[in-house]
Amino acid sequence: MSRRPGIATTAEEAWAALATHRGRQDPYPLYEAVRSHGPAVWLGPKKLVVVGYEECDHALRDTRLHVQDAARYDASAPGWRDHSSLRAFTSSMLYSNPPDHARLRTVAGFAFTPPRIRRLRSVIEEMTDRLLDRMAALGTTGAAVDLIAEFASRLPVAVISTMLGFPERDQMWFRDMASTIAVSTDGFRDAAALERADRAMDEMTAYFADLAGRRRREPRDDLVTHLVHTHDDDPRRLGHDELMGTLMVLLTAGFETTSFLVGHGALLALRQPTLAERLCAEPDFVTGYVEEILRFEPPVHVTSRWAAADTELPGTTVPAGTRLTLILAAANRDARRFADPDRFDPDRRDNRPLSFGAGGHFCLGAPLARLEAQIALPRLFARFPRLTAAEPPVYRDRWVVRGLETFPVAVTA
Ligand code: HEM
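Residues numbered from 1 in each chain as written. Predicted model: local features only at pLDDT ≥ 70, side-chain atom pairs only at ≥ 80, totals over all residues. Heavy atoms only, no water.

Section: the site of the ligand
- Among the 26 residues in the neighbourhood of the ligand, the closest are listed as His101, Arg105, Thr303, His361 and Cys363.
- Contacts to the ligand include Arg305, whose side-chain N or O atom sits 2.7 Å from an oxygen atom.
- Of all the elements in the fold, those that place two or more residues in the shell around the ligand are helix H7 (100–109), helix H15 (240–253), helix H16 (255–271) and strand E5 (302–307).
- Element by element, the count of residues in the shell around the ligand is highest for H16, at three residues.
- The residue makeup of the shell around the ligand, split by class, is 14 nonpolar, 10 polar and two charged. (Near = heavy atom within 4 Å. Polar contact = N/O pair within 3.5 Å; in protein donor to acceptor, adjacent residues only side chain to side chain. Helix = DSSP H or I, 4+ residues; strand = E, 2+ residues; numbered from the N terminus. Nonpolar A, V, L, I, M, F, W, Y, C, P; charged D, E, K, R; others polar.)

Here's the deal with the domain arrangement of the chain
- Considered domain by domain, the chain is made up of domain 1 (1–37) and domain 2 (59–291 + 345–410).
- Placing the centre of domain 1 and that of domain 2 at their C-alpha centroids yields a distance of 29 Å.
- Listed per partner, the contact involves 10 residues of domain 1 and seven residues of domain 2.
- Taken together, both faces of the contact between domain 1 and domain 2 bury some 740 Å²; the carbon and sulfur share is 46%.
- Counting the contacts that link domain 1 with domain 2 gives one salt bridge.
- Measuring nitrogen to oxygen at the nearest pair gives 2.7 Å for the salt bridge that ties Asp397 to Arg24.
- Our enumeration of links across domain 1 and domain 2 arrives at five residue pairs in polar contact (both at pLDDT 80 or more).
- When residues in the side of domain 1 that touches domain 2 are grouped by element, the largest group, three residues, is from helix H2 (residues 21–25).
- For the side of domain 1 that touches domain 2, the class distribution of residues is six nonpolar, two polar and two charged. (Domains from an automatic or database assignment. Contact = heavy atoms within 4.5 Å. Buried area = accessible area lost by both parts, 1.4 Å probe. Salt bridge = Lys/Arg side-chain N within 4 Å of Asp/Glu carboxyl O.)

With respect to the packing of helix H12 (residues 171–182) against helix H13 (residues 191–217)
- Packing of H12 against H13 leaves a shortest axis separation of 8 Å and a crossing angle of 140°. On the basis of the axis angle, H12 is oblique to H13. Handedness of the H12/H13 crossing: left-handed. Of H13, the residues touching H12 (which contributes Trp173, Phe174, Met177, Thr180 and Ile181) are Arg196, Ala197, Ala200, Met201, Glu203, Met204, Tyr207 and Phe208.
- In the contact of H12 with H13, the residues fall into 10 nonpolar, one polar and two charged. (Axes fitted to C-alpha atoms, helices over the stretch in contact; angles between N-to-C directions. Parallel < 35°, antiparallel > 145°, perpendicular 65-115°, else oblique. Left-handed = near helix turned anticlockwise from the far one by under 90°.)

Brief notes about the confidence of the model for the chain
- With 96% of its residues at a pLDDT of at least 70, the chain reaches an overall mean of 93.
- Below a pLDDT of 50 lies the segment residues 1–5, which in the model reaches five contacts outside its immediate sequence neighbourhood of four places, other chains included. (pLDDT = per-residue confidence, 0-100.)

Have a look at this one:
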């Protein structure tokens with residue numbers, strides 16, 4: 001491969017570039033630079049980066065490959081327990097392995113089954129329409145309205161807050177706290193951001209403890225009451241920290257991710273106006289449209305595992321102790337699995353991206369996120385047929401959960 005200034009040619013260079021501002025702005029060429037060395041590439045004796053679809057899928061389903069849990073953090077990142085933001089997440093299903101994982105997933109899982117989520121349709125439609133009314137009011141004078149702050153991020157927070165039973169007046173506070181906390185998922189790189197995440201986590205934990213107390217005194221038909229009762233009935237089923245961790249993960253895992261899904265869906269339709277027309281005219285079109293956004297611009301670019309025992313991926317032996325970085329966004333553009341992978345094609349058949357993961361940790365909120373996007377996008381374009389970009393969108397400077405920070409639009413152009 002010939003060398004061009006600033007273009008990574010080795011897997012190590014590409015990996016290093018992913019940690020830079022420029023790399024995070026457009027990581028796809030860097031994924032291809034890694035892929036040119038194979039679908040799974042060693043970056044050190046125990047460090048494997050996986051960019052192939054089949055290999056990522058396999059890794060996500062392999063029960064010998066574990067998520068980073070508290071015991072693993074103790075071994076690999078001494079000092080992590082000083083950070084409350086990291087501590088809270090490790091008490092949740094997302095950072096748990098068997099046997100705790102199944103127990104924690106079951107406690108909240110009943111609320112996210114597809115039939116239960118389908119019953120939320122009319123509530124989500126109503127919330128969407130209220131937010132669109134608000135956008136219309138904000139944009140009447142011709143002022144640009146930030147699609148992310150005013151719409152894409154408000155909808156998921158409103159929906160999950162209603163499911164959990166959080167008061168409406170606190171929703172925007174949750175949104176800001178959850179954004180601050182979410183940086184802890186990008187690792188330990190930014191000490192100042194991690195400190196802000198810890199402070200936000202402490203505030204949220206105090207808030208949750210207070211809310212749990214109120215629900216004990218005055219139970220309601222909501223998820224917080226259910227979780228509090230589960231804990232009180234049998235703390236072995238759900239311990240105190242696990243209760244807090246579950247609330248935290250339910251609130252934070254689905255908010256930025258769904259916001260980025262809706263944000264990208266709007267951006268892609270504005271780039272190709274026939275897509276916006278089809279979203280309004282063809283009711284069935286949105287299903288394939290949302291799957292293709294998930295493939296093409298997945299909100300979660302990367303996850304990780306470590307080998308608790310010797311195992312194998314197709315074509316690669318993985319010794320115990322190996323740390324694997326699974327780049328889901330790269331797997332979604334694997335030409336061995338998806339024809340013409342860099343083309344956005346909502347009519348694509350057999351489109352099964354890895355954007356919600358796979359196997360035991362498959363995203364609990366996938367039916368909810370899909371439904372929200374499937375409702376939000378056609379209603380957005382039906383309500384504002386002349387929606388246009390007022391300014392170019394700005395990407396958030398993060399890698400793991402990646403999407404638009406701001407996207408100013410004109411609603412009455
Ligand atoms: C477009 C939106 C979303 C995307 C792209 C997304 C992506 C993911 C991914 C990739 C995982 C697996 C991580 C891994 O295996 O390491 C995951 C897990 C999870 N997600 Fe989502 N998610 C989204 C929305 C939501 C929503 C709306 C909720 C809930 C309100 C949610 C709750 C969870 C939970 C609880 C887990 C952990 C499941 C487990 O460990 O068993 N997610 N998500």
